[in-house]
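Given next are the chains, with one letter for each unit.
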Amino acid sequence: MQTVSCPSCGAEVHFRSHASVMAVCEYCSTSVLKDADAVRDLGKMSSVLEDYSPIQIGTSGVLGQRPFTVVGRIQLRYDAGLWNEWFLLFDDGATSWLGDSSGLYTITAEYRGAAALPPFEALHPGYTYDLNGAPYTAAEIRVAECVGGQGELPFKVGDGYQARVADFRRGGEFITLDYSDGPQPVVYTGLAVTLDSLQCQLLRDDDAIQRAAGRYRGKLSALDCPACGSQIKYLPGVTTTLVCQSCHSQIDAASPKAAVLAAGERLASVPMSIELGATARINNQDFTIIGMMRRADDEGTQWNEYLLYGTRAGFSWLVETDEGWSGANVLSEWPLGYQPGAPAVVVERTHYSKLYDYSSVVTFAAGAFNWRVAVGDRTQVAEFSAGQLRLASETTAQEMTWSRSAPVATDQLAAWFGSQFKGARRTATVAGSGRDAHYHRKLAQRVIWVMLAFNAIPLLINFSATWFLSLIGAAAIYLPAWFLDNGEQS
């Protein structure tokens, strides 16, 4: 049961159900939204999972042949999300930090050295810097507030503690520069790891993770009846008047509950092939669709991205375009020595050739993500290919990420999700990314224009005798190019 203070009289308003988003104060009859901001922003901004980590104080593991125990944690929050730093104590008395961000893990320890290091203000994601005698790519540059400390820590954590940190990657290697105490950073070196490779024990169970992470299904499906308190189910996008099945009270859309109904309408107006909250079992792991965002590229073509979350498997993506589906995962091992504009990259001995550079913008966001997604968020994308495999780097002013994707058949999606999967989406108003189709249209246009110029030369030599044929020939070649160009713009 969740309790919210009434904005009118201050009395406690109780929500008996996790799914309920509105209740009525029994003292002053004011309608109270459980999470007014989240309801109002549905479709415009996502929720953020608060504490989805399976790690807890007391978790144990092994790095190499050295056993360790998690003895403390600090949690750091920035404008769009948060991450954890777990303090590890090894059996031999040494200490390290286990970084825990969006399901990716790194172990680092303080490095004692006197190398010259760049100032914090000069760092930019995606650029390569010489650190400890080797090139490292800047992955993340953040100013964050420490919002919590637990257990045993090597320093005192108080209110207002601000962290200025920069993370760098080189293949599977990892460096953090911590500028929190001044212009000369403390250097931490380490590597990317997985919980399986650390043989972690005493992790949190699934129920504990879901309770701590908060409401992540992002699905409005029930209201509390103001007369009897029973749940009233409704279908967003269809329901304008609600009738309680228990006491037959009627709720009009003109009431304060219209905010909830309007949010449901907004969500229902966006076609989804997989609904928020849909579940699947993939590779013996349970997943839930917890978030969906739609993005558009420079040409205005759009596609959908669905975030999958499993308490044991972490995060992965399903991407839906007009060319089909693909599954994607964020990479923990990065290309070596990457610089913006590089024509090719190598990851795990596989060569990927450059395909596209373009910017993308979020046009719709619903559900929950491991960071806050909002309409208008922009990223610069570079795509690379090796056969059917794709790599993509996405860069903002604060961070850079790399992901790898591969095609997924619709039959496979239907097997995973069953009746929850609605099949491939093909509409004129919701086109997919279409970057390959865009490339081929441009190529066809160029070929047609070359044909027009080439064929016009002999006709122009004797134009007075062949002006009518010249006109027909030019029209026959020009009109297809014109229709291609205008068809793409529309």
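See the structure shown above.
Thresholds applied
- Residues numbered from 1 in each chain as written.
- Predicted model: local features only at pLDDT ≥ 70, side-chain atom pairs only at ≥ 80, totals over all residues.
- Heavy atoms only, no water.
- Helix = DSSP H or I, 4+ residues; strand = E, 2+ residues; numbered from the N terminus.
- Buried < 20%, exposed > 50% of the residue type's maximum accessible area, 1.4 Å probe, protein only.
- Contact = heavy atoms within 4.5 Å.
- Areas by Shrake-Rupley, 256 points an atom, 1.4 Å probe, with all protein chains shown as cover.
- Core = buried A, V, L, I, M, F, W, Y, C linked by side-chain atoms within 4.5 Å.
- Polar contact = N/O pair within 3.5 Å; in protein donor to acceptor, adjacent residues only side chain to side chain.
- Pairing = 2+ DSSP bridges.
- Salt bridge = Lys/Arg side-chain N within 4 Å of Asp/Glu carboxyl O.

Peer 1: So what exactly am I meant to see when it comes to the overall build of the protein chain here?
Peer 2: Helix and strand counts for the protein chain stand at six helices and 29 strands. Here the protein chain, with 490 residues, has 45% of them falling under the buried criterion. A separation of at least 24 residues holds for 57% of the contacts in the protein chain among residues at least 6 apart in sequence. When the accessible surface of the protein chain is split by element, carbon and sulfur atoms take 53% of a total near 24300 Å².

Peer 1: Would you explain the nonpolar core in this entry?
Peer 2: I274, I289, Y306, L318, W325 and F417 are the most contacted members of the largest nonpolar core, which totals 20 residues. Among the elements of the structure, β20 (279-282), β21 (285-296), β22 (302-310), β26 (350-369) and α4 (410-417) are those that each provide at least two residues to this core. Per-element accounting of this core gives the leading share, three residues, to β21.

Peer 1: Please explain unusual backbone geometry as it appears in this structure.
Peer 2: Look at Q199: it is not a glycine, yet its phi comes out positive at around 50 degrees. Within the fold, Q199 resides in the loop between β15 (186-193) and α2 (206-213). Assessed through its relative accessible area of 48%, Q199 is described here as partly exposed. Its identity is not glycine, yet N284 carries a phi of approximately 65 degrees, on the positive side. Topologically, N284 is positioned in the loop between β20 and β21.

Peer 1: Explain the environment of V70 to me, please; I cannot follow it from the model alone.
Peer 2: Looking at the element boundaries, V70 is found in strand β7 (residues 66-78). A residue is classified by how much of its surface remains accessible, and V70, at 1% relative accessible area, is buried. Linking V70 and L89, residues 19 residues apart in sequence, is a C-alpha distance of 6.5 Å. Filtering out sequence-adjacent residues up to four positions away, V70 remains in contact with I55, Q56, I57, G58, T59, W86, F87 and L88.

Peer 1: For this particular structure, what's the right way to read the environment of R169?
Peer 2: Secondary-structure assignment places R169 in strand β13 (residues 162-170). Separated by 165 residues in sequence, R169 and W334 place their C-alpha atoms 6.7 Å apart. Leaving out residues up to four positions away in the same chain, R169 has contacts with T106, Y136, T137, A139, F174, A192, S332 and W334. Polar side-chain contacts of R169 include one of 3.0 Å to the backbone oxygen of S332.

Peer 1: For this particular structure, what's the right way to read the pairing of strand β11 (residues 128-131)?
Peer 2: A regular strand carries its side chains on alternate faces of the sheet. As paired elements, β11 and strand β12 (residues 134-151) share four bridges and run antiparallel to each other. Bridge pairing in β12 places D130 opposite P135. Taken together, β11 and the strand that follows it, β12, pair antiparallel across an intervening segment of two residues, in which N132 is found at a positive phi of about 55 degrees.

Peer 1: Looking at this model, I keep getting lost on the pairing of strand β23 (residues 314-321). Mind explaining?
Peer 2: For β23, the buried fraction is high: eight of the eight residues fall into the buried class. Pairing of β22 with β23 involves seven bridges; the strand directions are antiparallel. Paired with G310 across the two strands is G314, which belongs to β23. Turn length for the β22-β23 hairpin, with the two strands adjacent in sequence and antiparallel, is three residues. Pairing geometry for β23 and strand β24 (residues 324-330), over five bridges, is antiparallel. The residue of β24 that forms the bridge with L318 is G327.

Peer 1: Whenever I open this one, the pattern of salt bridges confuses me. Can you help?
Peer 2: If the charged atoms of two oppositely charged side chains come close together, the side chains can form a pair. With the rule as written, the count across this model stands at 14 salt bridges. With a shortest N-O distance of 3.0 Å, E140 and R142 are connected by a salt bridge. The burial state of E140 is the same as that of R142; both residues are buried. A salt bridge links R312 to D206, with the nearest nitrogen and oxygen atoms 3.6 Å apart. Within this pair, whereas R312 is found in the loop between β22 and β23, its partner D206 is found in helix α2, the two being separated by 106 residues in sequence. Salt bridges sharing common partners tie together E140, R142 and E399.

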